[in-house]
Amino acid sequence: MEKTDTIILSPEELAAYMEESTISVTSTYEHSPVVLMVDDTVIETLGNFSASIGKAKSKKTFNVSAIVASALNNSTVLHYRSTFPENKRKILYIDTEQGRYHCQQVLKRILRLADLPEYKNPDNLIMLALRKFSPKLRLAIVEQAIGTIPDLGLVIIDGIRDFLYDINSSSESTDIISKFMLWTDDRQIHIHTVLHQNKNDEHARDHIGTELNNKAETIMQVEVDKEDKTISVVEAVHIRDREFEPFAFRINEEAMPEPVESYLPKEKKTGRPTKVPFDPDKEIPKNVHRPALDAAFSNGNIGSYDEYLERLKKGYGLQNVKLGHNKAVKVATFLSNKRMVIKEGKEYAFNPEYHY
């Protein structure tokens, strides 16, 4: 049986709470400061909380690493742009799933993304690995940290499920979200948490997922692209501000998330299925690529992505393969994945030694 709330307050105490909670039309209330945006869309404000959701192996922690790196020095990482006030620059990162070694690897990744040295601890980031503790003790440690760290602005909790004994308990879930609302309001911080999605659908898991959907400022989904498994796509599922354009990232050779500039958001359509999407691997013969690329790169490396697409259109057009903008983007992604075209700094270069 789930526990019930047994707090009993006197009429005087209830009256004090009522007075504290009364909204007056003549009073002045500050708008919550914006601290994180994706492009021009508000994702996080002080006094609120948000979440990243996704299935296993969707690269949720890599996405959160980019958020933290952005907040570390108020910069832009991937598409995240931070603007934390000077008195809210401390970050608390809570990891409940990984051991100390893997937490340290996440910390080093964050520092690299923020262009900070890995040989010393950052002044404004504290990481706690709470895997070995019970849910009750984890919660107590986090409450102590939030209540005592000065200049705290951002708290990452990866993941919220490990504060619950029973993920199917509605009362436990309500208690945790109530804590989030209390902490964010009292300390004027932002909490960003991470939760797995159900295996068989797109919903955040169980009662805690429902509570997050109902109360969070923003819910972002991190999902492996269905057409290219090396890419993870980030989009807004629930958001108070207007939705941002979904963006994508991949993990590069240095195990760092980097933006996929060629990614085109997929249209969400209803009704009967449309024709099969264009697939360069299946629809362009193998013997077409080399002469098309020889023509596209006849003048050497290409200095911009837009020019690269135009040259691809012309090169493949000479081989009787007509490419519009969207098809050219897919061909560019295909060529990158096959290492037929590589980036050298900001330039695109043909790799004649490729093996199809």
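What counts, and where the lines are drawn
Along each chain, residue indices are assigned from 1 in the same order as the chain's sequence is written. Since the coordinates come from a predicted model, pLDDT governs what is reported: local features require at least 70, and pairs of side-chain atoms require 80 or more to be given and counted, while whole-chain, interface and lining totals use all residues. Processing note: side-chain calculations cover all non-hydrogen atoms of the structure and skip hydrogens and water entirely. Going along the chain from the N terminus, every DSSP run of H or I of four or more residues is numbered as a helix, and every run of E of two or more is numbered as a strand. Whether a residue is buried, partly exposed or exposed follows from its accessible area with a 1.4 Å probe, protein chains only, as a fraction of its type maximum: under 20%, in between, or over 50%, in that order. Residue contacts follow a heavy-atom distance rule, with two residues in contact if any of their heavy atoms lie within 4.5 Å. Criterion used throughout: strands pair if DSSP finds at least two bridges between them. Think of each axis as a best-fit line through the C-alpha atoms, taken over the contacting stretch in the case of a helix, with angles from 0 to 180 degrees between the N-to-C directions. Our angle categories are set so that under 35 degrees counts as roughly parallel, over 145 as roughly antiparallel, 65 to 115 as roughly perpendicular, and the remainder as oblique. Ten residues, namely Ala, Val, Leu, Ile, Met, Phe, Trp, Tyr, Cys and Pro, are considered nonpolar, four, namely Asp, Glu, Lys and Arg, are considered charged, and the remaining ones, Gly among them, are considered polar. Only one rule defines a salt bridge in this text: a Lys or Arg side-chain nitrogen within 4 Å of an Asp or Glu carboxyl oxygen. The span expected for a helix works out to 1.5 Å for each residue beyond the first. Among the buried residues, those of types Ala, Val, Leu, Ile, Met, Phe, Trp, Tyr and Cys that are joined through side-chain atoms within 4.5 Å form a nonpolar core. Two helices crossing with the near one rotated counterclockwise from the far one by less than a right angle form a left-handed crossing, whereas a clockwise rotation gives a right-handed crossing.

**Examining the environment of Gly-315**
Structurally, the position occupied by Gly-315 is in helix H9 (residues 305-317). With relative accessibility at 1%, the residue Gly-315 sits in the buried group. Separated by 26 residues in sequence, Gly-315 and His-289 have C-alpha atoms that sit 9.0 Å apart. Discounting residues that sit within four places of it in the chain, Gly-315 has contacts with Ala-292, Ala-295 and Ala-296.

**Let's talk about the pairing of strand E2 (residues 41-45)**
Of all five residues that make up E2, five are buried, and the element is covered over most of its length. Alignment of strand E1 (residues 34-38) against E2, held across four bridges, turns out to be antiparallel. Of the residues in E2, the one forming a bridge with Leu-36 is Glu-44. Where E1 hands over to E2, the hairpin turn is made up of two residues, of which Asp-39 adopts a positive phi near 55°.

**Considerations on the packing of H9 against helix H10 (residues 325-337)**
It is at 9 Å that the axes of H9 and H10 come closest, and there the two elements cross at 100°. When the axes of H9 and H10 are compared, the pair comes out roughly perpendicular. Seen from H9, the contacting residues are Tyr-305, Tyr-308, Leu-309, Leu-312, Lys-313 and Tyr-316; seen from H10, they are His-325, Ala-328, Val-329, Val-331, Ala-332 and Leu-335. Of the residues in the contact of H9 with H10, the class split is ten nonpolar, one polar and one charged.

**Comments concerning the pattern of salt bridges**
Taken as a whole, this structure holds twelve salt bridges when the rule is applied. Its salt-bridge partner being Glu-118, residue Arg-112 comes within 3.5 Å of it at the nearest N-O pair. Two residues, Lys-215 and Glu-211, come together in a salt bridge whose shortest N-O distance is 3.6 Å. Here the residue Lys-215 and the residue Glu-211 both occupy positions in helix H6 (residues 206-215), the gap between them amounting to four residues, near one helical turn.

**Details of the environment of Ser-24**
Inspection of the secondary structure assignment puts Ser-24 in the loop between helix H1 (11-21) and E1. Exposure remark for Ser-24: the relative accessible area of 27% places this residue in the partly exposed category.

**Some words on helix H3 (residues 100-113)**
With 14 residues, H3 should cover 20 Å at 1.5 Å per step; its first-to-last C-alpha distance of 20 Å lies within 8% of that length. Those residues of H3 that sit buried are Cys-103, Val-106, Leu-107, Arg-109, Ile-110, Leu-111 and Leu-113. In this fold, the buried residues of H3 make contact with helix H2 (60-72), strand E4 (76-77), strand E6 (90-95), strand E7 (125-129) and strand E13 (257-259). Just downstream of H3 lies Asp-115, where phi reads positive at about 60°.

**As for the pairing of strand E15 (residues 347-350)**
Where strand E14 (residues 341-344) and E15 come together, four bridges link them in antiparallel fashion. Pairing of Glu-344 across the sheet is with Glu-347, part of E15. Linking E14 back to E15 in an antiparallel pair, the connection comprises two residues, with Gly-345 at a positive phi of about 70°.

**Details of the sheet that holds E2**
With antiparallel pairing, four strands are arranged side by side in an open sheet as E2-E1-E5-E4. Only two strands of the sheet have a single partner each, and these edge strands are E2 and E4. Note that E4 and strand E5 (residues 80-82) share two bridges and pair antiparallel. Bridged to Val-77 within E5 is Tyr-80.

**Some remarks on the sheet that holds strand E10 (residues 218-224)**
Reading across from one edge, E7-E6-E8-E9-E3-E10-E11-E12-E13 is the order of the nine strands in this open sheet, with mixed pairing throughout. Of all the strands in the sheet, just E7 and E13 have a single pairing partner and so form its edges. When the angles between neighbouring strand axes are averaged without regard to direction, this sheet yields 20°. Across seven bridges, strand E3 (residues 48-54) lies against strand E9 (residues 190-196) in parallel orientation. Its bridge partner lying in E9, Phe-49 is registered against Ile-191.

**Things to note about the nonpolar core**
With 38 residues, the main nonpolar core has Val-68, Tyr-80, Tyr-93, Ile-110, Leu-125, Val-234 and Phe-244 as its most contacted residues. Breaking this core down by element, the ones donating at least two residues are E1, H2, E6, H3, strand E8 (152-158), E10, strand E11 (231-239) and strand E12 (247-251). Here this core takes eight residues from H2, the largest share from any one element. By size, the runner-up hydrophobic cluster in this structure holds 29 residues, among which are Ile-94, Val-142, Leu-212 and Ile-219.

**Structural notes on the packing of helix H8 (residues 286-296) against H9**
Here H8 crosses H9 at 130°, and the two axes come no closer than 8 Å. In terms of orientation, H8 and H9 fall into the oblique class. Our pair here, H8 against H9, has a crossing hand that is right-handed. In this structure, H8 uses Val-288, His-289, Ala-292, Leu-293, Ala-295 and Ala-296 to contact H9, whose residues at the interface are Arg-311, Leu-312, Gly-315 and Tyr-316. Residue composition of the contact of H8 with H9, grouped by class: seven nonpolar, two polar and one charged.

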